[in-house]
Amino acid sequence: MKRVFVTGGASGLGRALAERYAADGWRVCIADVHDARGAETLAALRNSGAEAEFVHCDVTREEDLIAARDFVEARWGGVDVVINNAGVAGAGAIDAVTIDDWKWIIDINLLGVVRGCRVFTPLFKRQGGGHFVNVASMAGFMDVPMMSSYNATKAAVISLSETMQVELAEWKIGVTVVCPSFFKTNLTDSFRSPEPRLRDITQRLLDRPGPSAADVAEDVFRAVHKGGFYVLPHAEGRRALLTKRLLPRALWARMLAKQTRAFTRDNRPGGGG
Ligand SMILES: NC(=O)c1ccc[n+]([C@@H]2O[C@H](COP(=O)([O-])OP(=O)(O)OC[C@H]3O[C@@H](n4cnc5c(N)ncnc54)[C@H](O)[C@@H]3O)[C@@H](O)[C@H]2O)c1
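Criteria and thresholds
Counting from 1, residues in each chain are numbered in the order their sequence is written. Reporting in this predicted model follows two pLDDT cut-offs: at least 70 for local features of residues, and 80 or more for side-chain atom pairs to be given and counted; totals over whole chains, interfaces and linings ignore these cut-offs and use all residues. As a rule here, side-chain values come from all non-hydrogen atoms in the structure, and water together with hydrogens is ignored. Counting from the N terminus, the helices are the DSSP runs of H or I reaching at least four residues and the strands are the DSSP runs of E reaching at least two. The atom set for the radius of gyration is the C-alpha atoms, and the globule formula is 2.2 Å times the number of residues raised to the power 0.38. When a residue's accessible area, from a 1.4 Å probe over protein chains only, is under 20% of the maximum for its type it is buried; when over 50% it is exposed; and in between it is partly exposed. Note on contacts: a residue pair qualifies if any of its non-hydrogen atoms lie within 4.5 Å across the two residues. Accessibility throughout is a Shrake-Rupley quantity obtained with a 1.4 Å probe, and a residue counts as covered only by protein chains that appear here. We treat Lys and Arg as the positive residues and Asp and Glu as the negative residues; His and chain ends play no part in the count. Working definition for charges: the position is that of NZ of Lys, CZ of Arg, CG of Asp or CD of Glu. To define a nonpolar core, start from buried Ala, Val, Leu, Ile, Met, Phe, Trp, Tyr and Cys residues and group those joined through side-chain atoms within 4.5 Å. Any two strands with at least two DSSP bridges between them are considered paired. Lines are fitted to the C-alpha atoms to define the axes, a helix being fitted only along its stretch in contact, and any angle between axes, read from their N-to-C directions, falls within 0 to 180 degrees. UniProt positions are given in the numbering used here, feature names are shortened, and annotations may be inferred rather than shown by experiment. Consider each residue's heavy atoms; a residue with any of them within 4 Å of a molecule or strand counts as near. Pairs of N or O atoms within 3.5 Å make up the polar contacts considered here, provided that, within protein, one atom can donate a hydrogen while the other can accept it, and that residues adjacent in sequence are counted only when both atoms are side-chain atoms. Gly counts as polar in this scheme, as do all residues outside two lists: the nonpolar Ala, Val, Leu, Ile, Met, Phe, Trp, Tyr, Cys and Pro, and the charged Asp, Glu, Lys and Arg. The term salt bridge refers to a pairing of a side-chain nitrogen on Lys or Arg with a carboxyl oxygen on Asp or Glu at a separation within 4 Å.

A few points about the overall build of the protein
Item 1. Across its full length, the protein holds 10 helices and 7 strands.
Item 2. The C-alpha radius of gyration of the protein comes to 19 Å, within 12% of the 19 Å expected for a compact globule of 273 residues.
Item 3. Principal-axis analysis of the C-alpha atoms places the extent of the protein at approximately 60 × 40 × 35 Å.
Item 4. For the protein, the proportion of its 273 residues judged to be buried stands at 50%.
Item 5. Once local pairs closer than 6 in sequence are excluded, the contacts in the protein between residues at least 24 apart make up 71%.
Item 6. Carbon and sulfur atoms make up 54% of the accessible area of the protein, which amounts to about 12700 Å² in all.
Item 7. Separation between the mean location of the 35 positive side-chain charges and that of the 31 negative ones in the protein comes to 6 Å.

The following block contains the structure:
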């Protein structure tokens, strides 16, 4: 029986991934800071017949990830797929977001993934293989204004994953990086911004019709099965990335500035508008 470990597995994409793997008969261990949602997700997984566990785990604490790794190793003898999914969101102008908020988002979105990779790589090496799934975002490719901290953490997760793919191939350790556009989850619960209206805009983008968390999880599940690297579940995201790559930079930047005027409304010279 194969085994998967999912950080941020109590909600949104992490929960959908746990459910997808469970539906395929995998043993599933979810890890999260949110104990109530963790318990509820665990009960739902077990009710569906899955062999599942929940561990309280804060990805900003390496010791929590070490304890989680030791737990799955003791319980199941190892793990086949580790999904570094836990994340938070933030937004704001470059001159408004505080360094404390930068440190907060980097600690979870980037260093949380780094810690997951650091802690599980020695186990994968001892096992003779394994697979990392790192959840980034289209935000790591796009340059949406007022989102610099979130964009930068996700771009770093893409770079980290690309590097790991090259570095770990000889160890038979695979890597997949997931880059969705917006889809409905509880992501705005964690939202930090000096401008509350940016949270509302983000919530509206999350609520738009489009692929669900379950659809994104399905794409991830299939990509991992095939050994795929980039997962770009949204057609609009794939089109935008192609456009960015084809257009001269100045033209792309002007086009994006126009398309994202709702974000920058209050942050343009002369008071916006
Ligand atoms: N929803 C989207 O539109 C979207 C788009 C692109 C990428 N993503 C990424 O998907 C991932 C999952 O987010 P989601 O949209 O499902 O949001 P979500 O808020 O529904 O789920 C995130 C989970 O991570 C957990 N978490 C937060 N901080 C943690 C920490 N320090 N340690 C452990 N767990 C922690 C939360 O408790 C929550 O259960 C994130 O990395 C997010 O950036 C989401």
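Continuing now.
Some points on the nonpolar core
Item 1. Within the largest apolar cluster, 55 residues are counted, with the highest numbers of intra-cluster contacts made by Phe5, Val79, Phe120, Phe132, Phe141 and Cys179.
Item 2. Broken down by secondary-structure element, the contributors of at least two residues to this core are strand S2 (27-32), helix H3 (62-76), helix H4 (99-127), helix H5 (148-168), strand S6 (173-178), helix H6 (196-207) and helix H9 (249-259).
Item 3. A per-element tally of this core places H4 first, with 10 residues.
Item 4. Leave out the neighbours within four places in its chain, and Val79 touches Arg3, Val4, Phe5, Val72, Phe120, Leu123, Phe124 and Gln127.
Item 5. One finds Tyr21, Val28, Leu42 and Val133 within the second-largest nonpolar core, a separate group that totals 30 residues.

Brief notes about the sheet that holds S2
Item 1. Strands sit in the order S3-S2-S1-S4-S5-S6-S7 across an open sheet of 7 strands; the sheet is parallel. Here the strands that pair on one side only, and so sit at the sheet edges, are strand S3 (52-56) and strand S7 (230-231).
Item 2. The sheet contact formed by strand S5 (residues 130-135) and S6 spans 6 bridges and is parallel. Residue pairing for S6: Val135 is matched across the bridge by Val178.
Item 3. Where H5 meets the sheet, it contacts S5, S6 and S7, and its direction lies at approximately 165 degrees from that of S5.

Topic: the UniProt feature "domain: Ketoreductase" (unreviewed entry) in the protein
Item 1. Annotation from UniProt places "domain: Ketoreductase" (unreviewed entry) at residues 2-176.
Item 2. Secondary structure content for residues 2-176 is 51% helix and 17% strand, while the C-alpha to C-alpha distance between its ends is 18 Å.

Focus: the site of the ligand
Item 1. Surveying the vicinity of the ligand reveals 28 residues, the closest of which are Ser11, Leu13, Asp32, Tyr150 and Thr185.
Item 2. Between Leu13 and the ligand, the recorded distance is 2.8 Å, taken from a backbone N or O atom to an oxygen atom.
Item 3. Here a nitrogen atom of the ligand sits 2.9 Å away from a polar atom, N or O, in the side chain of Asp58.
Item 4. Burial of the ligand by the surrounding chains reaches 95%, relative to a free accessible area of 830 Å².
Item 5. Elements with a minimum of two residues in the shell around the ligand: helix H1 (12-23) and H5.
Item 6. Taken together, the residues that form the shell around the ligand break down as 15 nonpolar, 10 polar and 3 charged.

Concerning the environment of Asp95
Item 1. Within the secondary structure, Asp95 is located in the loop between strand S4 (81-84) and H4.
Item 2. Owing to a relative accessible area of 72%, Asp95 belongs among the exposed residues under this scheme.

Some remarks on the pattern of salt bridges
Item 1. Tallied over the entire structure, the rule returns 23 salt bridges.
Item 2. Asp64 is the salt-bridge partner of Arg61, the closest N and O atoms lying 3.0 Å from each other.
Item 3. Asp107 is the partner of Arg115 in a salt bridge, and the nearest nitrogen-oxygen pair spans 2.6 Å.
Item 4. The structure contains a network of salt bridges with shared partners spanning Glu195, Arg197, Arg265 and Asp266.

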